[in-house]
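Now for the letters of each chain:
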Amino acid sequence: MSRGWKLKISAFLKILDKKDFTDKLGSLGFSVSESQLSAWEDCFIFLKEELNKLSSMQKEATIIFEYKLENGMRPDVLVLTKSTLLVLEFKSGENAGAYIDAHRGQVENYSMRFENYHEYTYKNKLKVKPYIVYTHPNININEDDALYKDNFAPIISKEINDILYDKEDSEWFNSNYEAIPDILNAVDGIFNSSNLPDIMRSKSNIEGVLSSIKDTVDHTENETLNLILVSGDPGAGKTLLGLKIVRDYINQFETSSSALYLSGNGPLVDVLKFQIDEACNKGKEERKTYGEAYVNAVPHYLDPIIKYLQKTEEKLGYGDIKKEKILVFDEAQRAWGKEQMKYKYQLEFSQPEVLLYYLLSSIKKLKSSKTLICLVGDGQEIYRGEEDGINNWVSAIKSKSFKKRKIKIYAPTRYRKILEGTNAIFNDNLYLNSYLRGHGADKFPQWINAVLNNETEGARKLLKSIYDEQRYFPIFVTKSLLKGQEHIRQHVDESLETYGLVTSSFAQYELDKRDKYPLSRKDLGSWYKEKCREFKAYVTEFDSQGLEIDYPVVYWGHDLIKISKKDNWSKGQTFYRKKHTGELYDGLKGYKDPLKILKNIYRVLLTRGRNGLIICIPEDPLLNNTFKYFVEELGVKEIR
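Another aspect to go through is the overall build of the chain. On a plain count of helices and strands, the chain comes out with 24 helices and 25 strands. The buried share of the chain, taken over its 640 residues, is 57%. Within the chain, contacts between residues separated by at least 24 positions form 74% of all contacts whose residues are at least 6 apart in sequence. Summed over all atoms, the accessible surface of the chain reaches about 27900 Å², with 46% contributed by carbon and sulfur.

The next subject is the sheet that holds strand 2 (residues 62-65). Strand pairing in a sheet is mediated by backbone hydrogen bonds. Such pairs are either parallel or antiparallel. Across the sheet, which stays open at both edges, the six strands sit in the order 1-2-3-4-5-6 with mixed pairing between neighbours. Each edge of the open sheet is held by one strand with a lone partner, namely strand 1 (5-8) and strand 6 (146-147). Examined bridge by bridge, strand 3 (residues 77-80) and strand 4 (residues 84-91) share four bridges and lie antiparallel to one another. Pairing of Leu80 across the sheet is with Leu85, part of strand 4. In this fold helix 7 (residues 166-173) packs onto strand 1, strand 2, strand 3 and strand 4, with an angle of close to 160° to the strand it touches most, strand 1.

Below, the discussion takes up the environment of Asp166. Within the secondary structure layout, Asp166 lies in helix 7. For the pair Asp166 and Leu7, spaced 159 residues apart in sequence, the C-alpha to C-alpha distance is 9.4 Å.

Before going further, it helps to spend a moment on the nonpolar core. Taken as a class, soluble globular proteins show a tendency for nonpolar side chains to be buried jointly. Ile213, Val230, Leu241, Trp447, Ile475, Trp556 and Phe630 are the most contacted members of the largest nonpolar core, which has 79 residues in total. Sequence-distant contacts of Ile213, defined by excluding residues within four places in its chain, comprise Ile228, Val230, Leu241, Ile245, Ile373 and Leu430. Leu225, Met341, Leu355 and Ala396 belong to the second-largest nonpolar core, a separate cluster that totals 42 residues.

Running from N to C, helix 2 (residues 18-26) and helix 3 (residues 34-51) point in directions that differ by 130°, and their axes come no closer than 10 Å. One way to sum up the angle between helix 2 and helix 3 is to call them oblique. Crossing handedness for the pair helix 2 and helix 3: right-handed. Only Leu37, Trp40, Glu41 and Phe44 of helix 3 make contact with helix 2, whose side of the interface consists of Lys18, Phe21, Thr22, Leu25 and Gly26. Tallied by class, residues from the contact of helix 2 with helix 3 come to five nonpolar, two polar and two charged.

On to a positive patch on the surface, then. A surface patch of positive charge is lined by Lys364, Lys365, Lys367 and Arg405. The residue Lys364 is located in helix 14 (residues 351-366) in this model. With relative accessibility at 59%, the residue Lys364 sits in the exposed group.

Looking now at the pattern of salt bridges. Enumeration according to the criterion identifies 33 salt bridges in this entry. One salt bridge connects Glu457 with Arg460, and the closest N-O pair in it is separated by 2.2 Å. With Glu457 and Arg460 both in helix 18 (residues 456-469), this residue pair falls three residues apart, about one helical turn. What emerges from the salt-bridge pattern is a single network uniting Lys6, Lys8, Asp166 and Asp169.

Let us look at unusual backbone geometry. Here the phi dihedral of Gln346 falls at roughly 60°; this positive angle occurs in a residue that is not glycine. Turning to its location among the elements, Gln346 is positioned in the loop between helix 13 (338-345) and helix 14. Owing to a relative accessible area of 58%, Gln346 belongs among the exposed residues under this scheme. We note that Phe535 has phi near 60°; this positive angle belongs to a residue other than glycine. Here Phe535 is to be found in the loop between helix 21 (524-529) and strand 18 (537-539). Overall, the relative accessible area of 1% leaves Phe535 in the buried class.

Looking now at the packing of aromatic side chains. All told, the structure shown has 25 aromatic pairs when counted by the stated rule. A centroid spacing of 5.9 Å and a plane angle of 40° characterise the contact between Tyr67 and Phe114, whose relative ring orientation is tilted. One end of the pair, Tyr67, is in the loop between strand 2 and strand 3; the other, Phe114, is in helix 4 (residues 100-117), with 47 residues separating them in the sequence. Considered together, Tyr67 and Phe114 belong to a single accessibility category, that of buried residues. In textbook terms, an aromatic cluster arises when at least three aromatic residues are bridged by ring pairs, as seen for Trp5, Phe12, Phe21, Phe44 and Phe65. One cation-aromatic arrangement involves Lys6 over Phe173; the distance from NZ or CZ to the ring centre is 6.0 Å.

The set of residues buried in helix 24 (residues 624-633) consists of Thr626, Phe627, Tyr629, Phe630 and Glu633. Phi turns positive, to about 85°, at Gly635, one or two residues after helix 24.

Moving on: the pairing of strand 4. The element strand 4 is extensively covered by neighbouring structure, given that eight of its eight residues are classed as buried. Burial along strand 4 is two-sided: Thr84, Leu86, Leu88 and Phe90 and Leu85, Val87, Glu89 and Lys91, pointing in opposite directions, are all buried. Pairing analysis gives eight bridges linking strand 4 to strand 5 (residues 127-134), with the strands arranged parallel. Note that in strand 5 the partner of Leu88 across the bridge is Tyr131.

Moving on to the pairing of strand 19 (residues 551-555). For strand 19, a buried count of five out of five residues is recorded, marking the element as mostly surrounded by other parts of the structure. Bridge count for strand 16 (residues 499-503) against strand 19 is five bridges, and the pairing is parallel. Along strand 19, the bridge assignment pairs Val502 with Val554. Across three bridges, the pairing between strand 19 and strand 24 (residues 613-616) is parallel.

The residue Ile139 is located in the loop between strand 5 and strand 6 in this model. Residue Ile139 is classed as buried on the basis of its relative accessible area of 7%. Counting along the chain gives 43 residues from Ile139 to Ala96, while the straight-line C-alpha distance between them is 8.3 Å. Leaving out residues up to four positions away in the same chain, Ile139 has contacts with Gly93, Glu94, Ala96, Gly97, Tyr134 and Tyr148.

What the seven strands build is an open sheet, ordered 17-18-16-19-24-15-25; its pairing is parallel. Looking at which strands have only one partner, the edges of the open sheet turn out to be strand 17 (517-518) and strand 25 (637-639). When strand 15 (residues 475-478) meets strand 24, the two strands line up parallel, connected through four bridges. If you follow Phe476 over to strand 24, its bridge partner there is Ile614.

Another point: helix 18. For helix 18, with 14 residues, the first-to-last C-alpha span of 20 Å sits near the 20 Å given by 1.5 Å per residue. Looking at helix 18, one finds that the buried residues are Thr456, Ala459, Leu462, Leu463, Ser465, Ile466 and Tyr467.

Taken residue by residue, the chain gives an average pLDDT of 82. The fraction at 70 or more is 85%. In the model, residues 178-188 has pLDDT below 50 throughout and makes 31 contacts with residues more than four positions away in sequence or in other chains. Confidence drops under pLDDT 50 across residues 190-203; counting only partners more than four residues distant or on other chains, this segment forms 42 contacts.

The rules behind each value
Residues numbered from 1 in each chain as written. Predicted model: local features only at pLDDT ≥ 70, side-chain atom pairs only at ≥ 80, totals over all residues. Heavy atoms only, no water. Helix = DSSP H or I, 4+ residues; strand = E, 2+ residues; numbered from the N terminus. Buried < 20%, exposed > 50% of the residue type's maximum accessible area, 1.4 Å probe, protein only. Contact = heavy atoms within 4.5 Å. Areas by Shrake-Rupley, 256 points an atom, 1.4 Å probe, with all protein chains shown as cover. Pairing = 2+ DSSP bridges. Axes fitted to C-alpha atoms, helices over the stretch in contact; angles between N-to-C directions. Core = buried A, V, L, I, M, F, W, Y, C linked by side-chain atoms within 4.5 Å. Parallel < 35°, antiparallel > 145°, perpendicular 65-115°, else oblique. Left-handed = near helix turned anticlockwise from the far one by under 90°. Nonpolar A, V, L, I, M, F, W, Y, C, P; charged D, E, K, R; others polar. Patch = residues over 30% accessible without salt bridge, like charges linked within 9 Å, V, L, I, M, F, W, Y side chains within 5 Å. Salt bridge = Lys/Arg side-chain N within 4 Å of Asp/Glu carboxyl O. Lys, Arg positive; Asp, Glu negative; His and termini not counted. Charge placed at Lys NZ, Arg CZ, Asp CG, Glu CD. Phe/Tyr/Trp six-rings, centres within 6.5 Å; stacked < 30°, edge-to-face > 60°. Lys NZ or Arg CZ within 6 Å of the ring centre and 35° of its normal. Expected span 1.5 Å × (residues − 1). pLDDT = per-residue confidence, 0-100.

Now the structure itself:
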């Protein structure tokens, strides 16, 4: 399939017959419907008349039709100059103007992809300008990004101030396009290619973090355990970093036992394994299991040492000694503390203590060195036993059991205070500082934190900045689940982008009343791949932490509420229902800080989106002030 049709505007104006034009576009290699043919004809007639009004110099600018992006998207028309790329999306029909918001989202989506991931555009700092072009003569919309018969030529004329030579526009046309893969697509790339694209080159420091880790590993002393703590906000790319580390060291040592990715997040492990298996089995008649060679669950990994510590095994067998040189522990903040380990296994050790003991025992037996990389998502502890977060690791490091052992600690500077008294070496390159999921929405995590910390003024300013400066990450609130779903459907290409319903586990009974149902664990892989678009099954914080879709619709429950729109957040109704009796009980009873857990739950839910976010706060007396807080106090745009 051809990448598109490129020519000078002057050459386009010499085409006399619209059939020649549509035949050429039809020859690019995709099926052409009657509606598509009609749209091309409208575009041809409109452009023939309007582009003829340009100057001779401006007619030497390059025009490109149906340029194919690597993700399958095709903007209608591009006008390319030395300094500017105009992205034009054509809409026909007398009533087309009624859907301008959806059209704007579509053309801005195209523009974002050129701006951030098209190599020539990125390296040459072309200014990308999105426009919606309405071809019907009766449409006249007073919006800066809306073009129609009366204003098209004057505005386009102002935009074309220089031109590209043939060699340059060919370089642009054939330039590499490296879209940021979401976490699941990244897994496909990691285990099915020898190279990985640079990830968010100008805005993410993931390569710098990886370089610092490799430098530490390469200079490891013999029989030493390196403990590397890496911190980052939700969506900063911790999981992707962990997978890249595993992939790189497996390739380096040419054995899958050289590195392993661990997570205590069962759903994340399941989905990653599903994606690896799908990718590796593609095109093969006989299906095999590949994912387990790279990804494992923490409880399964620790099972031999736990049985040994419980004295159910007299000694560790040689097969139980872990041979991985590199171990990545994703979502390390979720490692269990002593209370939960005592409850679950009747052990007096925390999970970090058990893992450190296990690795040090392996080092002693194998006479080798190891590196444990802990990827820490601060503020994402949502389970019982996880509330102490990073402090469980600090306590383990400082315990008498390990003080005299050969452990070298590396951490981001933000942990300097809590690691006081240790031998920690601090490095700012161990902090992931960009929101990888959202295209250019690097202020989004700050906004979520400000919202949940009741920093209303700061949250309002950050949101204004996101709306003004980071227009490719839409944030909306609505009272209607149906309207939220329809809004997304108008904006996305359902064959390429994903959207779905996420909610707090305390709100699932409210969704059950709306004919929605909780997703079965076994169906998680297919849900994240495509089934989420059906909008029937939902995932909770337990099924979504560490995972993502393009556009989540977050259904707000009765659990975290505003008593008045200016009050602090309060704990609302946090009931679960017993499966067999139907009896209600408080799901947060016994937690040290229930409000902290609720805020963490919504921090997880609100940061699941790669391209945007819709918050649905249903019409309900208990939630009226919560809704007012988002709309009136913060200024979140409402879908009515």
